[in-house]
Amino acid sequence: MKKREFIKTSGMLALGAVLSPTLLGSCNSLTSGKAETEEEDTVSKFELPKLEYGFDALQPHIDAQTMEIHHGKHHGGYVGKLNAALEGHALAGKPIEEILSNLKDTEKDIAVRNNGGGHYNHSLFWRTIGPNAGGEPKGALAEAVKGSFDSFENFKTEFSTAATTLFGSGWAWLVVANGKLIISQTPNQDNPRMKGLVEQEGMPILGLDVWEHAYYLNYQNRRKDYIAAFFNLIRWDVVGAEFDKVKG
Ligand code: MN
């Protein structure tokens, strides 16, 4: 409650210099005359996850400037807008996975859908790529890839085709659905966890961002080259662990 007292007594000008984004939220509610509830004060906010590697660590496959903008501005933007969209929303305070599987195709949910998807998708993306990676899956995942796609090379071709042919902005996915591996596409920031909202539902274990913001600085219109480069970055150990968790 100390923060609120401070806002009330110190005025807006002095605040401008010291505001954190969280405080700024409170400040906006005050200026718009909207009363804050106790609940909003205690609901935890989503945060931009730190990268496990430097912005330049994925070169030459993904350049440092793209990584810095993509992580800080794009993913950071989704996180900020997700927190704003969840204010007063029934799903506020729930884990992101639960939020995504309980959204409706309504105007009311669209900001949570876009920004919640954006936050989840990018969090998975950063974790499943890295330097000194690539190669092929091992263990149970390798067996499942063979079972569903006959060979790793076939999987690579099918996944690349899905990523190449996706029109506009979206993601290509490797998904566990009904115990099997499948490849799917979603537009915008949708993902297979969004029950009732996407064509192919399931548990995504690997996703490729094919929004132009993910590759345009380095590859311009050459999405195909970016997709080929992506295979040098996949951390199959992490994807395999995701697979084991889902199959568990
Ligand atoms: Mn992106």
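Here, the structure is the one placed above.
The shown structure was predicted, so the numbers you read here are calculated from the model rather than taken from an experiment.

A. Molecular detail of the coordination of the manganese ion. Protein coordination at the manganese ion comes from His-70 (NE2), His-122 (NE2), Asp-209 (OD) and His-213 (NE2), with a distance range of 1.9 to 2.1 Å. Between consecutive donors of the manganese ion, the numbers of intervening residues give the motif H-x51-H-x86-D-x3-H. Placement of the pair is His-70 in helix H5 (residues 64–86) and His-122 in helix H7 (residues 110–128), with a sequence separation of 52 residues. Here the two residues His-70 and His-122 agree in accessibility, since each one is buried.

B. Focus on the nonpolar core. Core analysis: the largest hydrophobic core is formed by 47 residues, its most contacted members being Phe-155, Leu-174, Leu-181 and Tyr-226. At seven residues, the largest contribution of residues to this core is made by strand E1 (residues 170–177). In this structure, Phe-46, Val-79, Ile-99 and Leu-100 belong to the second largest nonpolar core, which totals 15 residues.

C. Highlighting the pairing of strand E3 (residues 203–209). With six of seven residues buried, E3 is to be regarded as a mostly interior element. Where E1 and E3 come together, six bridges link them in antiparallel fashion. Looking at the pairing, Val-176 lines up with Met-203 of E3.

D. Looking closely at the sheet that holds E3. Spatially, the three strands line up as an open sheet ordered E2-E1-E3, and their pairing is antiparallel. Because the sheet does not close on itself, it has two edges, and the strands there are strand E2 (180–187) and E3. Each strand axis lies, on average, 25° off the axis of its neighbour in the sheet, ignoring direction. Two strands pair when backbone bridges link them, and E1 and E2 are joined in this way by eight bridges, in the antiparallel orientation. The partner of Leu-174 across the bridge, within E2, is Ile-183. Contacts from H7 reach E1 and E3 within the one sheet, and its direction differs from that of E3 by about 85°.

The rules behind each value
Residues numbered from 1 in each chain as written. Predicted model: local features only at pLDDT ≥ 70, side-chain atom pairs only at ≥ 80, totals over all residues. Heavy atoms only, no water. Donors = N, O, S within 2.8 Å, 3.2 Å for Na, K, Ca; no water. Helix = DSSP H or I, 4+ residues; strand = E, 2+ residues; numbered from the N terminus. Buried < 20%, exposed > 50% of the residue type's maximum accessible area, 1.4 Å probe, protein only. Core = buried A, V, L, I, M, F, W, Y, C linked by side-chain atoms within 4.5 Å. Pairing = 2+ DSSP bridges. Axes fitted to C-alpha atoms, helices over the stretch in contact; angles between N-to-C directions. Contact = heavy atoms within 4.5 Å.

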